[in-house]
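Structural overview for review
Each chain, letter by letter, is given below.
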Amino acid sequence: FLETTAYFCMKPKMGEKEVSPHSFFSIWHEFSSDFKDFWKKENKLILQERVKEAEEVCRQKKGKSLYNIRPKHDSGIVSKNHSNT
């Protein structure tokens, strides 16, 4: 615990000799709560961006035809019968 408080440069409050676990974890709790809230917001924004990108890709693919339609050529039996008459 003391090594952790030293790593985070925590100093004891006025009148205390060492950093108490209560003071350390109360600050840590605030930090972790804020971090969790920002993390959720950031993930939500990233998800919204990805949904928009996916919708745009779908919109572009719908604009393009998935298959090509070629004009019909008169080369079958029916066309031979019509040309003889």
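Because the structure is a prediction, the values reported are computed rather than measured.

A closer look at the overall build of the protein chain
From N to C terminus, the protein chain includes 3 helices and 0 strands. Its helices and strands taken in sequence order, the protein chain reads α-α-α from the N to the C terminus. Counting every position in the protein chain, which comprises 85 residues, the buried fraction comes to 6%.

Notes on a nonpolar patch on the surface
There is a patch of nonpolar side chains on the surface, built from Phe1, Leu2, Tyr7, Phe8, Phe25, Trp28, Phe31, Phe35 and Trp39 and spanning about 1,000 Å² of accessible area. Elements supplying a minimum of two residues to the nonpolar patch: helix H1 (2-7) and helix H2 (21-63). Broken down by element, the nonpolar patch gets its largest block of residues, 5 residues, from H2. Structurally, Trp39 is set in helix H2. The exposure class of Trp39 is exposed, given its relative accessible area of 52%.

Description of the confidence of the model for the protein chain
When pLDDT is averaged along the protein chain, the result is 82, and 75% of the positions lie at 70 or above. Mean pLDDT across the elements of the protein chain ranges from a minimum in helix H3 (residues 77-84), with 60, to a maximum in H2, with 92.

Focus on unusual backbone geometry
Positive phi, normally seen in glycine, also occurs at Cys9, with a value near 55 degrees. Within the secondary structure layout, Cys9 lies in the loop between H1 and H2.

Reading the values: rules and limits
- Throughout this description, residue numbers start from 1 for each chain and increase along the sequence as written.
- Note on the predicted model: pLDDT of at least 70 is required for a residue's local features to be given, and 80 or more for side-chain atom pairs to be given and counted; whole-chain, interface and lining totals, by contrast, use all residues.
- Hydrogens and water molecules were not included; the side-chain quantities draw on all heavy atoms of the structure.
- By definition, any uninterrupted DSSP run of H or I lasting at least four residues is a helix, any uninterrupted run of E lasting at least two residues is a strand, and each is numbered from the N terminus.
- Only protein chains enter the accessibility calculation, which uses a 1.4 Å probe. A residue is then buried if its area is under 20% of the maximum for its type, exposed if over 50%, and partly exposed in between.
- To count toward a patch, a residue needs a relative accessible area over 30% and no salt bridge; like charges are then connected within 9 Å, while nonpolar side chains (Val, Leu, Ile, Met, Phe, Trp, Tyr) are connected within 5 Å.
- Throughout, the Shrake-Rupley method with a 1.4 Å probe supplies accessible areas, and for residues the shown protein chains are the sole cover considered.
- Whenever Lys or Arg places a side-chain nitrogen within 4 Å of a carboxyl oxygen from Asp or Glu, that contact is recorded as a salt bridge.
- On a scale of 0 to 100, pLDDT captures the predictor's confidence in every residue.

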